[in-house]
Each structure stands twice: as structure tokens, then as C-alpha cells.
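Spelled out, the chains give:
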Amino acid sequence: MRQLACGIVGLPNVGKSTLFNALTRAGAASSNYPFCTIDPNVGVVDVFDRRLGVLAELSNSERIVFATMRFVDIAGLVKGASEGAGLGNQFLSHIREVDAIAHVVRCFEDEKVIHVEGRIHPLEDVKTINLELLLADLQMVLNIKGRLEKQAKGKKELTSTLALLEKIHQHLDRGNPMRTFKATEEEAPLLKGYSFLTQKKIIYVANVSEHDLPEMENVYVQQLRAYAEEEGHVVVPICGKIEAELAELDLNEQQDFLTSLGLEERGLDRLIKASFQLLGLITFLTTGEMESRAWPIPRGTKAVDAAEVIHTDIKRGFIRAEVASYQDMVHFKGRLGAKEAGKLRSEGRDYIVQDGDVILFLHN
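Residues numbered from 1 in each chain as written. Predicted model: local features only at pLDDT ≥ 70, side-chain atom pairs only at ≥ 80, totals over all residues. Heavy atoms only, no water.

The helix and strand tally for the chain stands at 14 helices and twelve strands. Approximately 18,100 Å² of the chain is accessible, and the part contributed by carbon and sulfur atoms is 49%. (Helix = DSSP H or I, 4+ residues; strand = E, 2+ residues; numbered from the N terminus. Areas by Shrake-Rupley, 256 points an atom, 1.4 Å probe, with all protein chains shown as cover.)

Structure below.
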């Protein structure tokens, strides 16, 4: 399974690069002026999972391997980006390559930090970005239509595609994102070749002040949450400044610092959890003397397909999956204890893997 990517977008100076640095410790440039970021910075982040540490102790594992997620810090967009303003076309092309969008929205006031529009208005910021994404999709459809219309003479197979593109054109022209477009069974396969920006799922990251801790609530966050609920999206409040400080500490120091602030977990962990839920992902686990490891898969994956995530040979020679829940593995102190208690199940290739399943695949 390829590594999932989440693009971090937002207007200039909302805290994108600060957040990215905190999440990845990649040292991406962060300065108090627009267009500090031009090329996208990419960082791979471990998806911290406390269950792996427990399993590693039970199995005496040599190492722990977390699942990972790729974060792409995409340069600040501005009004007119779809027409090329602020190098917008270049930035928009980077967004097409990610699976989901983390839209950072400034929800704090600070006279020392310049706002590109000269005011703090989260909903207007969100609408600015969303409009540019929609306009970019509209322009893409017009470009494709124009190209196919020239090729359509004598090619009846293009008729259906052109009819679909016209429906999409009208849908977007009414201000509707592609997330709300209802394709028929016949149309769905024709859509697969196109990457629409407004089809991607969004997490709104509300960047708040340290003065809003630990609740991370203020009037701006409340406004953003109401807007997101109407769209069917979620809001994850994060204090970029605190996340930057946490990034400089080791895990034990991080937990002490979080506790002192009245927080239970890092913003990174909450953002990744939200990303997994948004993309319909779960995690199954493997454990042994060599390693304890997390494997992200789409919800609803069959055992034989989960085996392929580890190696194609395991899928090819699949015999069965020995499965225990994480809770049973812990309660009965390992695979042997779970087996003796009758909690280790033998599942076939069509078993639907559940989050937290600890699996040993038997294969030829």
C-alpha cells in the first residue's frame, strides 16, 4: 500500500510552515512574510501508537515500526491563485497529488503576525481558499472539454465523457464542489482519470493561541466548526506555537509538558487520528521477536488483501490468518495465552479485518 499524503494548505501567515516543522521536525522555512514557502516541503511522520509498545514488551521485539503518513507543506494560496496569482497554478498542482487536505486557518489575533488580508476572519479565509480550489477545477474541466471536443470527431467513445464533463461544468459553475457531485454507475469509471481538488476530503486545522489552552476554544473556532459541520468536515484545534515547543522535547518530556498545560495528547496525534478517520483507515498489528508493527488499511479490507500489504507472496500463498484482538493479547499476556484461553481465532481469506486485530498470516 502506498504511503498516504496529506497536504497542508492555507493563506500565507496562518501557521502552516510552523505546524509542518512541529509535525515533522523537517526544518521547513518559516518566516513572517507571504510566499516564504515556494516548493512543497515533504515530511514523513510516524503515527504514534501506544499499543505497539505494549505488544513489543509481550513479544520481546527487537524494534517497533509505526505506520507513517506523509505531510506536504504547500505554499500559501491567495485570492486569484486559480488564475496564477502568487504562483497559484504551481501550488494548486501540488494539491492534486495528495489524498486529503489539512486546511490551516488562523484563529488567533496577534499584531506582530501579519495577515495577508489585513484582518482576522477565519470564514472569509476558508471561503477564499475553497473558491480558488473550485475555480481551478472549473478551469481544468474547460481545458479537458476543449481538448476532447477537437478529438471527438469520428470517436463515439468520447461522447459519454464529454456529456459527463458538461454536467460537471454546470455543477461547478453553480458553486458546488465535486464532493457533492452524484455520478451514475456508468459515469463513475469515467471520473477515475481526473483529480479534482474539491473532491478531496478536508480537515480544518484551527490554529489557536496558547491563551486558548487547554480547551482550545474561542469565537473563531466556534464559527469555523459551525461552517465545517455544514460541509460534513471536522475541525482539529491546534496551537502551532505549543506544537513547535513540543517538537524540541523527547517523548517523556513531551508528556510532562502536555500534562502541565492540561492536555492529554499532541496536536499531531489528534490530526493524524482525524486524517485516518477521514480516509476510512484502520490499523492491524503484527508482533514477534523481530518487530511489532502497525499496518494501515482501508476499513472493510479482507484478510487476504491485508496480507498483501505485508508482501504479495503472503497473499499468493495465503492459508489462514490467526487473529486475536489487541485487548485479548494484553489480557492473556501474548499469543500463547490468548490461544490457551480460546481467544485466538482462525480466519479465512474473506474475514473482514478489524482495527486493533493482531494477526499472524500462515502461508505457503
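This part takes up the packing of aromatic side chains. In this structure the tally under the stated criterion is six aromatic pairs. A centroid spacing of 6.3 Å and a plane angle of 15° characterise the contact between Phe284 and Trp295, whose relative ring orientation is stacked. Linking Phe284 in strand β8 (residues 281–287) with Trp295 in strand β9 (residues 291–298), this pair joins segments that are eleven residues apart in sequence. Under the relative-accessibility criterion, Phe284 is labelled buried at 0%. The ring of Phe108 carries the charged tip of Arg106 above its face, separated from the ring centre by 4.6 Å. (Phe/Tyr/Trp six-rings, centres within 6.5 Å; stacked < 30°, edge-to-face > 60°. Buried < 20%, exposed > 50% of the residue type's maximum accessible area, 1.4 Å probe, protein only. Lys NZ or Arg CZ within 6 Å of the ring centre and 35° of its normal.)

Let's shift gears to the confidence of the model for the chain. When pLDDT is low, close inspection of the predicted coordinates is not appropriate. Looking at the chain, pLDDT values average 87 and 88% of them are 70 or higher. A low-confidence stretch, residues 26–39 (pLDDT under 50), is modelled with 39 contacts involving residues beyond four sequence positions or located in other chains. (pLDDT = per-residue confidence, 0-100. Contact = heavy atoms within 4.5 Å.)

Moving on to the sheet that holds strand β2 (residues 41–47). In space, the six strands of this open sheet follow the order β2-β4-β1-β5-β6-β7, with mixed pairing throughout. Looking at which strands have only one partner, the edges of the open sheet turn out to be β2 and β7 (234–238). Strand after strand, the sheet turns through a mean of 30° between neighbouring axes, direction not considered. Bridge count between strand β1 (residues 5–9) and strand β5 (residues 100–106): four bridges; the pairing is parallel. Of the residues in β5, the one forming a bridge with Ile8 is Ala102. Contacting β5 and β6 (201–207), helix α4 (residues 122–151) crosses the sheet at an angle of about 145° to β5. (Pairing = 2+ DSSP bridges. Axes fitted to C-alpha atoms, helices over the stretch in contact; angles between N-to-C directions.)

Close contact between α4 and helix α5 (residues 157–173) brings their axes to 10 Å; oriented N to C, the two are set at 155°. Taken together, the axis directions place α4 and α5 in an arrangement best described as roughly antiparallel. Both α4 and α5 take part in a crossing whose hand is left-handed. Here Leu134, Asp137, Leu138, Val141, Leu142, Ile144, Lys145, Leu148, Glu149 and Gln151 of α4 lie close against α5, whose contacting residues are Leu158, Thr161, Leu162, Leu165, Glu166, Ile168, His169, Leu172 and Asp173. Per-class residue counts for the contact of α4 with α5 are eleven nonpolar, three polar and five charged. (Parallel < 35°, antiparallel > 145°, perpendicular 65-115°, else oblique. Left-handed = near helix turned anticlockwise from the far one by under 90°. Nonpolar A, V, L, I, M, F, W, Y, C, P; charged D, E, K, R; others polar.)

What follows concerns the layout of surface pockets. Quantified by volume, the second largest pocket comes out at close to 420 Å³. Residue lining of the second largest pocket: 18 residues in total, with Val47, Phe48, Asp49, Arg51 and Lys273 positioned closest to the centre. Contributing elements (two or more residues each) for the lining of the second largest pocket: α2 (50–59), α10 (267–278) and β8. Counting residues per element, the lining of the second largest pocket draws most heavily on α10, at five residues. In the lining of the second largest pocket, the residues fall into eight nonpolar, two polar and eight charged. (1 Å grid on protein atoms, 1.4 Å probe; cavity = no way out; pocket = protein on both sides within 12 Å on 5 of 7 lines; lining within 4 Å. Points joined across faces, edges and corners; volume = space filled by probe spheres on them.)

In this fold, Arg119 is placed in the loop between β5 and α4. Note on Arg119: relative accessible area 28%, which makes it partly exposed. Spatially, the C-alpha atoms of Arg119 and Glu109 are 9.0 Å apart, while their sequence positions differ by ten residues. Not counting chain neighbours up to four residues away, the residues in contact with Arg119 comprise Glu124 and Asp125.

Over its twelve residues, α10 runs 16 Å from end to end, which matches the ideal 16 Å to within 8%, given 1.5 Å per residue. Looking at the residues trailing α10, positive phi occurs at Gly280, about 70°. (Expected span 1.5 Å × (residues − 1).)

The subject of this paragraph is helix α11 (residues 303–310). Where α11 is concerned, the buried positions are Ala303, Val304, Ala306 and Ala307. Within α11, the buried residues cover an arc of 155° as seen down the axis, which keeps them to one side. Residues of α11 that are buried in the fold lie against β8, β9, α12 (312–316), β10 (318–325) and β12 (357–363). (Arc of directions from axis to C-beta.)

So, on to the pairing of β7. Side-chain positions along a regular strand alternate between the two faces of the sheet. Burial runs high along β7: four of the five residues are buried. Note that β6 and β7 share five bridges and pair parallel. Within the sheet, the bridge partner assigned to Val205 lies in β7 and is Val236. Handedness of the β-α-β unit built from β6, helix α7 (residues 219–231) and β7 comes out right-handed. (Right-handed = clockwise from strand over helix to strand, strands pointing away.)

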